[in-house]
Amino acid sequence: MTKQKLGRLIRLLLSIALLAAFIMIQFPAAWADATNLVQMKTSVGFNGQYKWDAKLPIRITLTNNGTKPAAGSLKLVLRNHSSLNATYIKPLTLQGGETRQVIFPITGQFNSTINSSIAEWVVGGGVANKQPLTASGVPADFLAGMLADKSTVSNLLQTQPSIKQGPSTAPVQLSAEDIPTDPSYNSSLDGLLITNKQYSLLNSEQKKWIKQWIAHGGVMVTVDQTSGAAAWKKVNEAFAQGKHTRVPVMENAYQLADIASYIPGIDRPSLPFLILLFIAYILVIGPLLYYVLKKQKRQGWTWTAVPTAAVITALLIFGYGKWQHGSKVLLQSVDILHITNNGSADLESASSFVVPTGGDYTMQIHKAINLFPVNENANSQRDETEGATVTLGQQKSSILFPKTSFWSLHKAFVTDRIDNTGNFYASLITGTSRITGTVRNNTIYTLHDVRLVYGVACQSIPVLAPGAEIQVNLPTDNTNSKQPASDKLSDVAQLLPSSLGTKDSQSLQSRQGRMLNLLYNTESSNTDEHPLLRIFGWTDQHPYALDMAGKAYNGYRLTLVESRIGLPEMGGNK
């Protein structure tokens, strides 16, 4: 290259650099907005800790440092997460200068031994920002958050009793932003040890959340620099009384998903048809084939005729199964609504669907809700939920299962808190031999096949409309109420809806029987210290609408409502 050409190249490059500098000086906002100025901060659990096998809050804080709106999607890629391997997507638009916090309340066990779980800010299909997700679980009975100054926190940690002197308690230091503002978000915190100063600094939405959290079993203890052992004593007393947050765990997800997989549309093959088909198959490959080939002097064809007959028989069985189940997706959802005393309900729901042919299938729920795929064997070589993608929109949530196999089964789990459901109001008297009084249905739900349960005693009500009352008359003798759970199946039988007819062992294995058994046998009906009256009932007012996007389907639905009412002491009124 000559000196003249080299000089021209240098002048050209200098001109381009000067032009770029001029654009940056004259149009700084436009230049800045053209680059990625959305910053992301991740926080998993509370200070990187969370209660094992409970809800794991993943908090993502996004800040748009630009002057123009930034549209994109917040993407969580969860791997090595023992139960919920999936990709979670939430579309967002951040205004210029806006900072927004997004909480993903993941249920299950988060495993960060391999750093493969990440949060991403995606714009136009490209990853603009990426942060790793790490956390450690604590196998404790009681997760106690401490929101206080350093001196008070230090004193609390020094005076924490040993496990021998109380429940297994995991203390974790909190910051003010760890207290949610969304009333529908149920934290995995069981206790909150907080100073008056820190409480006064919380905003009104956070204080409202704490009030609702306490109503759901949370324990708040006001502390200072001298509290120490006295504060932990209150925590232990609350735990002994059964106070802790009611957070659905994955065990219920697995059991509900298993119940949802019993889809009524999947009928067993006709036994007479199969017997007739196999008899015909035996006759064809046996005497009939022998007779025909011998008469035609073609015995050598046996090596071809027998496999051909086997293939034809297999195709007939396959065709019969396809004809019997049809070409539609079979979708079922089973819901449990736990009505609380503060007028809201905790929802646990599982859905399953069977696909008639392979391909991509999306189940969508027409509500913004927490939705998770269910993988029952997280350690299997082929993770059925590995490719699942959950999209959490403002109006609906959906889950995509890509590249499914034909006639394969897929499951999902839903948790939510539903406000303004109402509750059950009781006016009761506990006598020496009977519980009497009234229970009024102040909920929004019309219930049928209602059962009032105290221990092994049960009272049946065919229909209970909103505003209607039940005249309660139950015996207080519950000498058999503490028998082992394995002996309680006969008790569950009296809770079954009348539509099942005969209350036998087959009815107990029905979907309704298994849902009732899940609640009745895994959760204490009453204790000597805190006797409870329990209400079970079924409703056709389902908590959300769901369907299969772009696919024809047959749907099935069951919704069970349950609630607990504390009883007054002997001779007392409520």
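Before reading further, recall that the structure is shown in the block above.
First, a word on scope: everything that follows refers to the structure included in this document. All of these numbers come straight from a predicted model, not from anything done at the bench. (Residues numbered from 1 in each chain as written. Predicted model: local features only at pLDDT ≥ 70, side-chain atom pairs only at ≥ 80, totals over all residues. Heavy atoms only, no water.)

Now for helix 5 (residues 204-215). The terminal C-alpha atoms of helix 5, which comprises twelve residues, lie 17 Å apart, in line with the 16 Å expected from a rise of 1.5 Å per residue. All of the buried residues along helix 5 are Q206, W209, I210, Q212 and W213. Viewed end-on, helix 5 has its buried residues packed into an arc of 165 degrees, placing them on one side of the element. Exposed side of helix 5, more than 90 degrees from the buried face: S204 and K211 are the residues found there. For helix 5, the capping residue at the N-terminal end is N203, with a side-chain oxygen 3.1 Å from the backbone nitrogen of E205. Positive phi appears at G217, one or two residues downstream of helix 5, with a value of about 110 degrees. (Helix = DSSP H or I, 4+ residues; strand = E, 2+ residues; numbered from the N terminus. Expected span 1.5 Å × (residues − 1). Buried < 20%, exposed > 50% of the residue type's maximum accessible area, 1.4 Å probe, protein only. Arc of directions from axis to C-beta. Polar contact = N/O pair within 3.5 Å; in protein donor to acceptor, adjacent residues only side chain to side chain.)

Time to look at the side chain of R417. Relative to the assigned elements, R417 resides in strand 20 (residues 409-418). Residue R417 is classed as buried on the basis of its relative accessible area, which comes to 6%. Within the local environment of R417, its side chain forms a polar contact with the side chain of D346, the two groups lying 3.3 Å apart.

All chains considered together, the criterion is met by four aromatic pairs. With centroids separated by 6.0 Å and ring planes inclined at 55 degrees, the aromatic side chains of F406 and W407 adopt a geometry described as tilted. With a relative accessible area of 34%, W407 lands in the partly exposed category. The ring of Y361 carries K551 above its face, with NZ or CZ at 4.8 Å from the centroid. Above the plane of the ring of Y544 lies R557, whose end atom (NZ or CZ) is 4.5 Å from the centre. (Phe/Tyr/Trp six-rings, centres within 6.5 Å; stacked < 30°, edge-to-face > 60°. Lys NZ or Arg CZ within 6 Å of the ring centre and 35° of its normal.)

Between the first and last C-alpha of helix 8 (residues 271-295) there are 34 Å, a value that for 25 residues agrees with the 36 Å anticipated at 1.5 Å per step. Along helix 8, the helix axis deviates most sharply at L289, where the bend reaches about 45 degrees. Within the sequence span of helix 8, burial applies to L277, L289 and L293. A positive phi of about 55 degrees marks K297, the residue just after helix 8. (Bend = angle between axes of the 7 residues up to and from the residue.)

Let's shift gears to the nonpolar core. I58, I60 and F104 are the most contacted members of the largest nonpolar core, which has 94 residues in total. Broken down by element, the residue count for this core peaks at six residues, all from strand 14 (residues 329-339). Within the second largest apolar cluster, 16 residues are counted, among which are V172, L202, W209 and I210. (Core = buried A, V, L, I, M, F, W, Y, C linked by side-chain atoms within 4.5 Å.)

Moving on: the sheet that holds strand 12 (residues 191-194). Reading across the sheet, the four strands line up as 11-10-12-13 and stay open at both edges, with parallel pairing between neighbours. Whereas interior strands pair on both sides, the edge strands pair on one side only; in this sheet they are strand 11 (169-173) and strand 13 (219-222). Each adjacent strand pair in this sheet contributes to an overall mean axis angle of 20 degrees, direction not counted. Sheet topology places strand 10 (residues 142-147) next to strand 12; four bridges connect them, and they run parallel. Across the sheet, residue L147 finds its bridge partner in strand 12, namely I194. Along the sheet, helix 5 makes contact with strand 12 and strand 13, crossing strand 13 at roughly 120 degrees. Sitting on the sheet, helix 6 (residues 229-240) touches strand 10, strand 11, strand 12 and strand 13, and the angle it makes with strand 13 is about 160 degrees. (Pairing = 2+ DSSP bridges. Axes fitted to C-alpha atoms, helices over the stretch in contact; angles between N-to-C directions. Contact = heavy atoms within 4.5 Å.)

Our next topic: the pattern of salt bridges. Taken as a whole and assessed by the stated rule, the structure comprises ten salt bridges. The salt bridge partner of D346 is R417, with a shortest N-O separation of 3.3 Å. Residue D346 is located in strand 15 (residues 345-354), and its partner R417 is located in strand 20; the two are separated by 71 residues in the primary sequence. Neither residue differs from the other here; D346 and R417 are each classed as buried. Through salt bridges with shared partners, a single ionic network connects R59, E177 and D178. (Salt bridge = Lys/Arg side-chain N within 4 Å of Asp/Glu carboxyl O.)

Turning our attention to the environment of L533. Locating L533 in the fold gives a position in strand 26 (residues 532-538). Setting aside residues no more than four positions away along its own chain, L533 makes contact with L428, V439, V453, Y454, L474, S563, R564, I565 and L567.

What follows covers the pairing of strand 14. Within strand 14, eleven of the eleven residues are buried, which leaves the element mostly enclosed by the surrounding structure. Here strand 14 shows two buried faces, one formed by V329, L331, S333, D335, L337 and I339 and the other by L330, Q332, V334, I336 and H338. Both strand 14 and strand 28 (residues 553-566) contribute to a ladder of eleven bridges, which runs parallel. Bridge pairing links S333 to R557 in strand 28. Bridge count between strand 14 and strand 15: ten bridges; the pairing is antiparallel. Bridge pairing in strand 15 places I339 opposite A345.

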